Amino acid sequence: MDKNFLWGGATASYQCEGAWNVDDKAESMWDHYLHEANLENGDVASDHYHRYEEDIRMMKEGGQNSYRFSLAWPRIIKNQAGDINEKGLEFYHKVLDACHKYGIEPFVTLYHWDLPQYWEETGGWLNHEVCSAFEHYAKVCYESFGDKIVNWTTFNEPKWFVVNGYKIGNYPPGYQDTQKTMIAAYNVMYASALGVKAFREGNHKGKIGIVHSYTPVNGVDDTIETKIAMRYADNYCNNWILDTAALGEFPIDLVAELAKKHDISFMKADELKVIKENTVDFIGLNYYSRTLVKPYTEGETQLSFNHSGKKGESKVLIKNWFEQVKDPNNETTEWDTEIYPKGLEDGLIEAYQRYQRPLYVTENGIGVREDVTVNQVNDDYRIAFMNDHINAIMNAMDAGCDIRGYYAWAPFDLYSWKNGVEKRYGIVAVDFDKEQIRKPKASYYWFKEIIESQGALIKRRPFNS
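Here the structure is a predicted model, which means the values were calculated and not measured. (Residues numbered from 1 in each chain as written. Predicted model: local features only at pLDDT ≥ 70, side-chain atom pairs only at ≥ 80, totals over all residues. Heavy atoms only, no water.)

Colleague: Can you lay out the overall build of the protein chain for me, pointing to particular residues and giving the numbers?
Modeller: What the protein chain contains, in helices and strands, is 15 helices and 15 strands. Here the C-alpha atoms of the protein chain give a radius of gyration of 21 Å, agreeing with the 23 Å that 2.2 N^0.38 yields for 465 residues. When the backbone C-alpha atoms are referred to their principal axes, the protein chain occupies close to 55 × 55 × 45 Å. Looking at the protein chain as a whole, 60% of its 465 residues are labelled buried. Summarising the internal contacts of the protein chain: among those between residues at least 6 apart in sequence, 77% fall at separations of at least 24. Accessible surface computed for the protein chain: about 18100 Å², of which carbon and sulfur atoms make up 48%. When the 51 positive and 69 negative side-chain charges of the protein chain are each reduced to one mean point, those points stand 2 Å apart. (Helix = DSSP H or I, 4+ residues; strand = E, 2+ residues; numbered from the N terminus. Rg over C-alpha atoms; globule rule 2.2 N^0.38 Å. Buried < 20%, exposed > 50% of the residue type's maximum accessible area, 1.4 Å probe, protein only. Contact = heavy atoms within 4.5 Å. Areas by Shrake-Rupley, 256 points an atom, 1.4 Å probe, with all protein chains shown as cover. Lys, Arg positive; Asp, Glu negative; His and termini not counted. Charge placed at Lys NZ, Arg CZ, Asp CG, Glu CD.)

What follows is the structure, given as structure tokens:
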């Protein structure tokens, strides 16, 4: 590994900060949704708002040289008028200063799902005005923090929050509507391009990219029918984000297919030109698993995700497009996520060949139930998981891919959206019942050794096809 390779952990503002109503922070759509539905929330979460210095110091002590985190729009912009909350800026200045104090390179995301509720009430991502509001917010961030950050990303996982919020309906705002999904997807990708445009026009230093929830697509066989199903799945899972952000165009076969039954008049030529002219410098890929598909056989569209941790509750089938299937030979987590490191190697090679942009693995990890009352969680399963996925990255680099960083999800235990705090991803345990006490897990010390060896201690192997 190159000495400039970034090794770190990734978090999201809503999932770790807590302090949901502190220092004039506005309500986010997640605050509102979870409070209204009386669901477990991130009001306190990991209390990173008050413990950021301790967390960043622990990153340094764990050998990490970078920290990927997101800024909270509702903490920074008070209202629809765009007024700035100076206390919010002050908090992130303190986080950035702590990063620099400990030699940690910040890698900053503008939007990790926590839309201000004052915009959600106007229609959220269905309201085209939110695009220019995002651009204003982005400019405020670039101007405020531009001298402290060189790696920026506009959005974290557009596919995940758009599809879950507007098509599946299990995230706010809770719609199940294809037309709304299309409009929200378009507005998010247009807002991202506006964010890139503002960055370039402001002559800010550094680079700007996007982060995608990457599930490389495999087929069950080599038939033409399976290849068609794979293309549908790839458009649904990946291409409408990555092609649009990196190549500047929505996949035209996807648009043509949707246009058969849905209205596409919201796609305006002048805005598509902005998308075309403002592509990203790099791509962040969050990898947990692949998508294995077969041709569609029968049944209505079914999109269900496992929030319970009881195996067998997830199902993805899109009528006339494809069906996702499970490989019985591979292990899955309690949340039905297949453990398949080869998918990361193949996916990195595919993305690099297609987009010719530097890549970062911006999230990778395994969520499990753990008893954190012990002195040290012995998470051999996480060590094995991380080893195999870092090995996959090294294999892809050996194949010629320009990969510049690896971020474990997560540097410490977080609130995990609708899984609450029961699903743990951290390499540092957080005791949510006992004042958020931090205790490094075995994986924290293992990761430190890996980083100090520049990856030389990774157990290497080729993956079988």
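Colleague: Please give an account of the sheet that holds strand β2 (residues 66–70) that cites residues and values.
Modeller: Judged by pairing direction, the barrel is parallel, and its eight strands sit side by side in the order β1-β2-β3-β4-β5-β7-β12-β13 before closing back on the first. On average, each strand axis in the sheet is tilted by 30 degrees relative to the strand beside it, whichever way the strands run. Docked against the sheet, helix α5 (residues 86–101) engages β2 and β3 (105–111), running at close to 170 degrees with respect to β2. (Pairing = 2+ DSSP bridges. Axes fitted to C-alpha atoms, helices over the stretch in contact; angles between N-to-C directions.)

Colleague: Go over the packing of aromatic side chains with me, naming the residues and quoting the values.
Modeller: Per the counting criterion, the structure on display carries 42 aromatic pairs. Residues Tyr14 and Tyr415 carry aromatic rings whose centres are separated by 5.7 Å and whose planes lie at 80 degrees to one another, so their mutual orientation is edge-to-face. Of this pair, Tyr14 sits in helix α1 (residues 13–16) while Tyr415 sits in the loop between β13 (403–408) and β14 (428–431); the two residues are 401 residues apart in sequence, bridging distant segments of the chain. The class of Tyr415 is buried, set by a relative accessible area of 0%. (Phe/Tyr/Trp six-rings, centres within 6.5 Å; stacked < 30°, edge-to-face > 60°.)

Colleague: Residues and numbers for helix α8 (residues 158–168), please.
Modeller: Of all eleven residues in α8, nine are buried; the element is thus mostly enclosed. Remark: Gly169 follows α8 within two positions and exhibits a positive phi of approximately 85 degrees.

Colleague: Explain the pattern of salt bridges to me, using residue names and the numbers behind them.
Modeller: This structure, assessed with the given rule, holds 34 salt bridges. When the shortest N-O distance is used, the salt bridge between Asp55 and Arg438 registers 2.8 Å. Of this pair, Asp55 sits in helix α3 (residues 48–61) while Arg438 sits in strand β15 (residues 437–440), placing them 383 residues apart in sequence. Taking relative accessible area as the criterion, Asp55 reaches 3% and is therefore assigned buried. (Salt bridge = Lys/Arg side-chain N within 4 Å of Asp/Glu carboxyl O.)

Colleague: I'd like a rundown of unusual backbone geometry, residues and numbers included.
Modeller: Going from Pro172 to Pro173, the amide bond is cis rather than trans, its omega being 10 degrees. Along the chain, Pro173 turns up in the loop between α8 and α9 (178–201). With an omega of 20 degrees, the peptide bond running from Trp409 to Ala410 counts as cis. Tracing the backbone through its elements, the reader meets Ala410 in the loop between β13 and β14. Unlike most non-glycine residues, Ala19 shows phi in positive territory, near 45 degrees. As for its placement among the helices and strands, Ala19 is situated in the loop between α1 and α2 (29–36). Owing to a relative accessible area of 7%, Ala19 belongs among the buried residues under this scheme. Even without glycine at this site, Gln356 takes up a positive phi of about 50 degrees.

Colleague: How would you summarise the side chain of His112 if you had to cite specific residues and measurements?
Modeller: Its location among the elements puts His112 in the loop between β3 and α6 (117–120). Judged by its relative accessible area of 2%, His112 falls in the buried class. Within the structure, His112 has its side chain in polar contact with the side chain of Asn156 (distance 3.0 Å). Setting aside chain neighbours within four positions, we find His112 in contact with Thr11, Ala12, Gln15, Arg68, Ser70, Asn156, Glu363, Trp409 and Trp417. (Polar contact = N/O pair within 3.5 Å; in protein donor to acceptor, adjacent residues only side chain to side chain.)

Take it as geometry only, folks, not as evidence of what the structure does.
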